[in-house]
Amino acid sequence: MNVSFFASPTITFYMARMFLVRFAAVLAALVIVLMALDLLGESGDILAHPGNGDAQLWLYITLRTPQIIARFLPFAALLATLITFVTLNQNSEIISMKAAGISAHQILAPLVVASLGVAIVSFVFNERVVARATATLTAWQNADYGPIPRDRGIVGNVWVRDGDDLIHAVTAHGRGARAGLDRVTIYDRNGGRLIAIIEGARAVQAAGGWRIANAMRFDVAKGATTRLPTFDFGKGVTPDRFTLASVEPASKSLLQLRTAIADLEAAGRPTGPLRAGLWHKLSGPLSAVLMPLLAAVAAFGLARSGHLFIRAVIGMALGFAYFVADNFALAMGNLGAYPPSLAAWAPFLLFLLIGETVLIRTEE
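Residues numbered from 1 in each chain as written. Predicted model: local features only at pLDDT ≥ 70, side-chain atom pairs only at ≥ 80, totals over all residues. Heavy atoms only, no water.

*Asks:* Give me the lowdown on the overall build of the protein, citing residues and values where you can.
*Replies:* Helix and strand counts for the protein come out as 9 helices and 6 strands. Its C-alpha atoms give the protein a radius of gyration of 26 Å, more than 25% over the compact-globule value 21 Å for 364 residues. With respect to the principal axes defined by its C-alpha atoms, the protein has extents near 90 × 45 × 35 Å. Buried positions account for 44% of the 364 residues belonging to the protein. (Helix = DSSP H or I, 4+ residues; strand = E, 2+ residues; numbered from the N terminus. Rg over C-alpha atoms; globule rule 2.2 N^0.38 Å. Buried < 20%, exposed > 50% of the residue type's maximum accessible area, 1.4 Å probe, protein only.)

*Asks:* I'd love a proper account of the pattern of salt bridges, names of residues and values included.
*Replies:* Scanning all chains against the criterion turns up 4 salt bridges. Here D182 ties to R202 by a salt bridge, and the two come within 3.2 Å at their closest N and O atoms. Taken as a pair, D182 in strand β3 (residues 180-190) and R202 in strand β4 (residues 193-206) lie far apart in primary sequence, 20 residues in all. Accessibility expressed as a relative area gives 40% for R202, which makes it partly exposed. Between D219 and R217 there is a salt bridge, and its shortest N-O distance comes to 3.4 Å. (Salt bridge = Lys/Arg side-chain N within 4 Å of Asp/Glu carboxyl O.)

*Asks:* Would you mind going over helix α1 (residues 9-48) in detail, with residue names and values included?
*Replies:* Taking 1.5 Å of rise per residue, 40 residues should cover 58 Å, and α1 covers 57 Å from first to last C-alpha, within 8% of that figure. Approximately 45 degrees is the largest bend angle found in α1, and it occurs at E42. Within α1, the full set of buried residues consists of T12, M15, A16, M18, F19, F23, V26, L27, V31, M35, D38 and I46. Where the residues of α1 are buried, they touch α2 (54-90), α3 (93-99) and α4 (104-142). (Expected span 1.5 Å × (residues − 1). Bend = angle between axes of the 7 residues up to and from the residue. Contact = heavy atoms within 4.5 Å.)

*Asks:* Outline the side chain of T12, supporting the account with residue identities and numerical values.
*Replies:* Position of T12 relative to the elements: it lies in helix α1. One polar contact links the side chain of T12 to the main-chain carbonyl oxygen of S8, over a distance of 2.8 Å. When residues no more than four places from it in sequence are discounted, the contact partners of T12 are F6, A7 and P110. (Polar contact = N/O pair within 3.5 Å; in protein donor to acceptor, adjacent residues only side chain to side chain.)

*Asks:* Hey, could you go over unusual backbone geometry for me, with residue numbers and the actual values?
*Replies:* Of note in the backbone geometry, Y145 takes a positive phi value of approximately 60 degrees without being a glycine. With respect to the secondary-structure elements, Y145 resides in the loop between α4 and β1 (154-162). When its relative accessible area of 5% is taken as the criterion, Y145 is described as buried. The residue N214 is not glycine, and still its phi comes out positive at about 55 degrees. Position of N214 relative to the elements: it lies in strand β5 (residues 209-219).

*Asks:* Tell me about the pairing of strand β2 (residues 165-173), and please be specific about residues and values.
*Replies:* As a general feature of sheets, a regular strand has side chains that alternate between the two faces. Most of β2 is tucked away: 8 of the 9 residues are buried. By the bridge criterion, 7 bridges tie β2 to β3 in an arrangement that is antiparallel. In the sheet register, I167 faces β3, and the bridge partner there is I186. Counting the residues in the hairpin turn of β2 and β3 gives 6 residues, including G174, whose phi is positive at 85 degrees. (Pairing = 2+ DSSP bridges.)

*Asks:* I'd love a proper account of α2, names of residues and values included.
*Replies:* In this model, α2 (37 residues) spans only 46 Å end to end at C-alpha, well below the 54 Å of a helix rising 1.5 Å per residue. Along α2, the sharpest kink reaches roughly 50 degrees, centred on F72 and followed within four residues by the proline P74. S92 sits one or two positions beyond α2 and adopts a positive phi of about 60 degrees.

*Asks:* Tell me about a nonpolar patch on the surface, and name the residues and values.
*Replies:* On the surface, F309, I310, V313 and I314 cluster together to form a nonpolar patch covering roughly 390 Å² of accessible area. Inspection of the secondary structure puts I310 in helix α8 (residues 308-335). (Patch = residues over 30% accessible without salt bridge, like charges linked within 9 Å, V, L, I, M, F, W, Y side chains within 5 Å. Areas by Shrake-Rupley, 256 points an atom, 1.4 Å probe, with all protein chains shown as cover.)

*Asks:* Tell me about the environment of K235, residues and numbers included.
*Replies:* You can see K235 is positioned in the loop between β6 (224-233) and α5 (240-243). K235 sits 27 residues away from G208 along the chain, and the two C-alpha atoms are 5.9 Å apart. Other than its neighbours up to four places away in sequence, K235 contacts D162, A207, G208 and G209.

*Asks:* Mind laying out the environment of G209, listing which residues take part and the relevant values?
*Replies:* For G209, the position within the fold is in strand β5. The spatial distance from the C-alpha of G209 to the C-alpha of V237 is 6.2 Å, given a sequence separation of 28 residues. Setting aside its immediate chain neighbours within four residues, G209 contacts V204, F233, G234, K235 and G236.

*Asks:* Hey, could you go over the packing of aromatic side chains for me, with residue numbers and the actual values?
*Replies:* The final tally for this structure, using the stated rule, is 13 aromatic pairs. Between Y60 and Y145 the ring centres are 6.3 Å apart and the planes differ by 70 degrees, which places this aromatic pair in the edge-to-face class. Placement of Y60 in helix α2 and of Y145 in the loop between α4 and β1 is noted, with a sequence separation of 85 residues between them. Side by side, Y60 and Y145 carry an identical accessibility label, which is buried. One aromatic cluster in this structure is built from F72, F75, F320, Y322, F323 and F351. (Phe/Tyr/Trp six-rings, centres within 6.5 Å; stacked < 30°, edge-to-face > 60°.)

*Asks:* Describe in detail the side chain of S253, supporting the description with residues and values.
*Replies:* Within the secondary structure, S253 is located in the loop between α5 and α6 (254-266). Leaving out residues up to four positions away in the same chain, S253 has contacts with E127, A131 and K281.

Here it is, written out as structure tokens:
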């Protein structure tokens, strides 16, 4: 029996190419269909903003497409693996390989290596494209599809409580002494009762707090609006409470998320959910490597026995069970029920063992 990792260069190239071609086709089909459905749901909100038109619809497509690719790439790997294995099985190519002394692991090896390449490309794509697109799209949506802020390092839709008062900023940007707030609204309250609403276009740090120039104050009791040259608020409210008030792992790269976690820890803020998201940035792309192993049940067994469809369904069920377990573990990590590393890596390791056990017990 051939004991090398790959059966032969010819078989390796043939199977890897077959998988990658089907993977690209399935991913493209998923992205086109899902992007069309998503655009149907969002086009009304985009065009509702004055001045928006076809250019803004195309802009939404360019920002949303990377998110769809990142989310459904593992699904595309699963479906492509099933299609590849079913095709090989129907054409009796798997039987020919096994008759030549090629083991089940050697049959899977080309697809595993190809999936590893897909996982590496996925990780780089998430870091370089998806994180930036997500941050920009989130800021655009928080601005009701108005003009996109130029600063990409922004946090959108920030709420901070200062005593009884509530402070809302559409966007917060910068760090430390350079932090600033845009489109600020302060809800001045006393004992839970709203006294006044103060609005301003921009707030900067001043006198140990924050200052708005040319602010508008609405007195709730009098129902009157007055203009204030300056308005100071948030005495003692540090910039990190705005800039780190809503850290979304999906909108930050790995290094940016590590920096945000370090800043939050320095400020004494909990970071468990963010650490789960940090680990998931590594385990998420690697899920593509699991798909050949989970879908391998469709590769073996006689096609003429009539059980090929059932085997394909079992392979698809194993793949989708992994995604369910992965989302569940990540949700438990966000709630603090699971440790961050366990939430990110437990489903991957569990289904790696399940897939390997099924393969060994049934084929090896």
